[in-house]
Amino acid sequence: MEYHIKTIGMLTSGGDAPGMNAAVRAVTRAAISNGIRVKAIYRGYKGLIDGEVKEFTSQDVSGIIQRGGTIIKSARCEEFLTPEGRKRAHETLKREKIDALIVIGGDGTFTGGRLFAQEYNVPVIGIPGTIDNDLWGTDATIGYDTSLNTITDCIDKLRDTATSHERVFLVEVMGRDAGFLTLNAAIAGGCEAAIIPERATVKEQIEDAIGNGRRKSKNSSIVLVQEHAVEGGAGKVAEMIQKVHPEYSTRVTVLGHLQRGGSPSAYDRILASRMGVAAIQALIDGQRNVMVGLQKDEIVLVPLNKAIHQKKDIEEDKWQTMLTLSI
Ligand code: ATP
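Cut-off values and rules
- Sequence positions are assigned chain by chain, starting from 1 and proceeding in written order.
- With pLDDT at 70 or above as the cut-off, local features in this predicted model cover only qualifying residues; side-chain atom pairs require 80 or more to be listed or tallied, and sums for whole chains, interfaces and linings still use all residues.
- Neither water nor hydrogens contribute to the side-chain values; these are computed over all heavy atoms in the structure.
- Under the DSSP-based scheme used, a helix requires at least four consecutive residues in state H or I and a strand at least two consecutive residues in state E, with every element numbered from the N terminus.
- As defined in this context, the radius of gyration uses C-alpha atoms, and a globule is described by 2.2 Å times the residue total to the power 0.38.
- The classification of residues rests on relative accessible area computed with a 1.4 Å probe and restricted to protein chains. Under 20% of the type maximum is buried, over 50% is exposed, and intermediate values are partly exposed.
- The contact definition used throughout considers only heavy atoms, calling two residues in contact when any of these lie within 4.5 Å.
- With residues, only the protein chains shown are counted as cover, and all accessible areas are computed by Shrake-Rupley using a 1.4 Å probe.
- Here an axis means a line fitted to C-alpha atoms, over the contact stretch when the element is a helix, while the angle between two N-to-C directions is reported on a 0 to 180 degree scale.
- Reported orientations rely on four angle classes, namely roughly parallel under 35 degrees, roughly antiparallel over 145, roughly perpendicular from 65 to 115, and oblique for the rest.
- By convention, the crossing between two helices is left-handed when the near helix turns anticlockwise from the far helix through less than a right angle, and right-handed when the turn is clockwise.
- Polar here means any residue outside two lists: the nonpolar Ala, Val, Leu, Ile, Met, Phe, Trp, Tyr, Cys and Pro, and the charged Asp, Glu, Lys and Arg; Gly therefore counts as polar.
- Note on terminology: near, applied to a residue and a molecule or strand, indicates that one of the residue's heavy atoms is within 4 Å of it.
- Pairing of N or O atoms within 3.5 Å defines a polar contact, subject to two protein rules: one partner must be a possible hydrogen donor and the other a possible acceptor, and residues neighboring in sequence count only if both atoms are side-chain atoms.
- By definition here, a salt bridge exists when the distance from a side-chain nitrogen of Lys or Arg to a carboxyl oxygen of Asp or Glu is within 4 Å.
- At least two bridges found by DSSP between two strands are what make those strands a pair.
- By this rule, a helix spans an expected 1.5 Å times one less than how many residues it contains.
- Each C-beta atom gives one direction from the helix axis, and the arc is the one those directions make.

Visitor: Is there a simple way to explain the overall build of the protein in this structure?
Guide: A tally of regular secondary structure across the protein gives eleven helices and eleven strands. For 327 residues, the compact-globule estimate of 2.2 N^0.38 gives 20 Å, and the protein sits close to it at 21 Å. For the C-alpha atoms alone, the extent of the protein along its principal axes is close to 70 × 35 × 30 Å. Put simply, the protein has 327 residues, and 54% of those count as buried. Within the protein, counting contacts between residues at least 6 apart in sequence, those at least 24 apart form 75% of the total. Element-wise, carbon and sulfur atoms account for 50% of the exposed surface of the protein, whose accessible area totals about 14200 Å².

Given below as structure tokens:
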């Protein structure tokens, strides 16, 4: 079914991710190219509820493709979880004459968007913007590549100190419930182990990590710990190691919000640009409640429902690659 969209609303929500600006730019320019007006909604669903809306021209998105973060700000908004909050959000849409929404964020953002779409019959298109890469139906999310490169860079620097002092470095990596960043950074950084929620028990993983890192020819090791693999993160893993192996000197590094920042990589800029253009095309084609995804380097549309509810698995071959190379 095709229907006419005159004005779209666009927001970024949840954790910010490098490349969100490139997506904002792409959505804005693709919409304007197709004769559609664009209204930027500031601070995610909070701005939708509070009516923080500004119409964007092509110039409003000049010079932002290389900037990290999001110029239209992001927020986590408890009020949108309530029917009253969503009712107020719908009042803003009506007042601003917004016909459809483009939401850039992660699974929480899509969950809220899908619910809103169902309750108020508003077409919603999701663009995956999260460093976690945890959404089903897309090989990559905007921000993931940049974050992976940032983490790899940090590991390279830590490696210099680790080899100089013969220590076990435990590096805590973000990812919510998913180990994609941790596992891939472990491969890229040549780490001795990655402790992720998707594999074995933490105890077993620690034993493997210590075994690998302490083979005769190695005098230091870097072990990546996914933030939620164990309660207490890398600090807890250090405690567990010290208990069993008091002879090892451990150091904990929490990369924290460093992992979200910085100028987006070329990959993320291109991904965001393609997804932004595809999101507008999807609306023009009459699509609703879908996420724009990337599969085998082709743009695809995935029902929001599936993107949210299906679990994306860690690739077994990458896990095996990490294990094989970490001896
Ligand atoms: P990231 O993966 O980077 O954390 P995210 O989009 O998953 O991004 P969340 O904080 O989980 O981030 O969600 C963003 C916002 O989406 C929430 O603050 C809330 O406003 C809205 N949201 C999340 N879950 C729901 C829900 N079940 N119902 C309505 N709105 C929701």
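Visitor: Would you explain the packing of helix α5 (residues 144-165) against helix α6 (residues 180-188) in this entry?
Guide: A pair of packed helices can be characterised by two numbers: the angle between their axes and the separation between those axes. Where α5 contacts α6, the axes come no closer than 9 Å and their chain directions differ by 50°. Accordingly, the angle class assigned to the pair α5 and α6 is oblique. Crossing of α5 against α6: the hand is right-handed. Two secondary-structure elements touch here, α5 through Tyr144, Ser147, Leu148, Ile151, Thr152 and Ile155 and α6 through Phe180, Leu181, Asn184, Ala185 and Ala188. Its residues assigned to classes, the contact of α5 with α6 comprises eight nonpolar, three polar and no charged.

Visitor: For this particular structure, what's the right way to read the site of the ligand?
Guide: Neighbouring the ligand are 18 residues, the closest being Arg76, Cys77, Gly106, Gly108 and Thr109. Within the side chain of aspartate 107, a nitrogen or oxygen atom sits 2.9 Å from an oxygen atom of the ligand. Here an oxygen atom of the ligand and a backbone polar atom of glycine 108 are 2.9 Å apart. Within the complex, the protein chains bury 86% of what would otherwise be the 630 Å² of accessible surface of the ligand. Among the elements that line the shell around the ligand, the one with the most residues is helix α4 (residues 107-120), at six residues. Each residue belonging to the shell around the ligand can be placed in one class, and the counts come to five nonpolar, nine polar and four charged.

Visitor: Please explain the pattern of salt bridges as it appears in this structure.
Guide: Once their charged atoms are close, side chains differing in charge can pair, the charge on each being opposite to the other. The tally for this structure, following the rule as stated, stands at 16 salt bridges. One salt bridge in this structure joins aspartate 297 and arginine 274, with 3.0 Å as the shortest N-O distance. Remark: arginine 274 occurs in helix α9 (residues 266-284) and aspartate 297 occurs in the loop between β10 (290-295) and β11 (298-303); sequence separation between them is 23 residues. Between glutamate 315 and lysine 318 there is a salt bridge; the shortest N-O distance is 3.5 Å. Residue glutamate 315 is classed as partly exposed on the basis of its relative accessible area of 31%.

Visitor: What should I look at first to understand the sheet that holds strand β8 (residues 221-226) in this one?
Guide: Strand pairing within a sheet occurs via backbone hydrogen bonds; the two strands may be parallel or antiparallel. Strands sit in the order β7-β8-β6-β9 across an open sheet of four strands; the sheet is parallel. Whereas interior strands pair on both sides, the edge strands pair on one side only; in this sheet they are β7 (193-195) and β9 (250-254). Pairs of neighbouring strands in the sheet enclose a mean axial angle of 20°, with direction left out of account.

Visitor: Where do I start with the sheet that holds strand β1 (residues 7-12) in this structure?
Guide: Reading across the sheet, the seven strands line up as β3-β2-β1-β4-β5-β10-β11 and stay open at both edges, with mixed pairing between neighbours. Edge positions in the sheet fall to β3 (53-56) and β11, since each has one partner strand and no second. The sheet shows a mean angle of 30° between the axes of neighbouring strands, direction not considered. Two elements, β1 and strand β2 (residues 37-41), share four bridges in a ladder whose sense is parallel. Looking at the pairing, methionine 10 lines up with alanine 40 of β2.

Visitor: Help me out: how do you make sense of helix α3 (residues 83-96) in this one?
Guide: A turn of α-helix holds 3.6 residues, and therefore any two residues three or four places apart point the same way. Between its first and last C-alpha atoms α3 spans 20 Å; for 14 residues at 1.5 Å apiece the expected length is 20 Å, and the two agree. The set of residues buried in α3 consists of Gly85, Arg86, Ala89, His90, Thr92, Leu93 and Glu96. Buried residues of α3, viewed axially, fall in a sector of 150°; they line one side. Relative to its buried face, α3 has exposed residues pointing more than 90 degrees away, namely Glu84, Lys94 and Arg95. Those residues of α3 that are buried lie in contact with β2, α2 (44-50), β3, β4 (100-105) and α4. Just beyond α3, the residue with positive phi is lysine 97, at close to 55°.

Without other data, these values stay purely geometric and don't point to any function.
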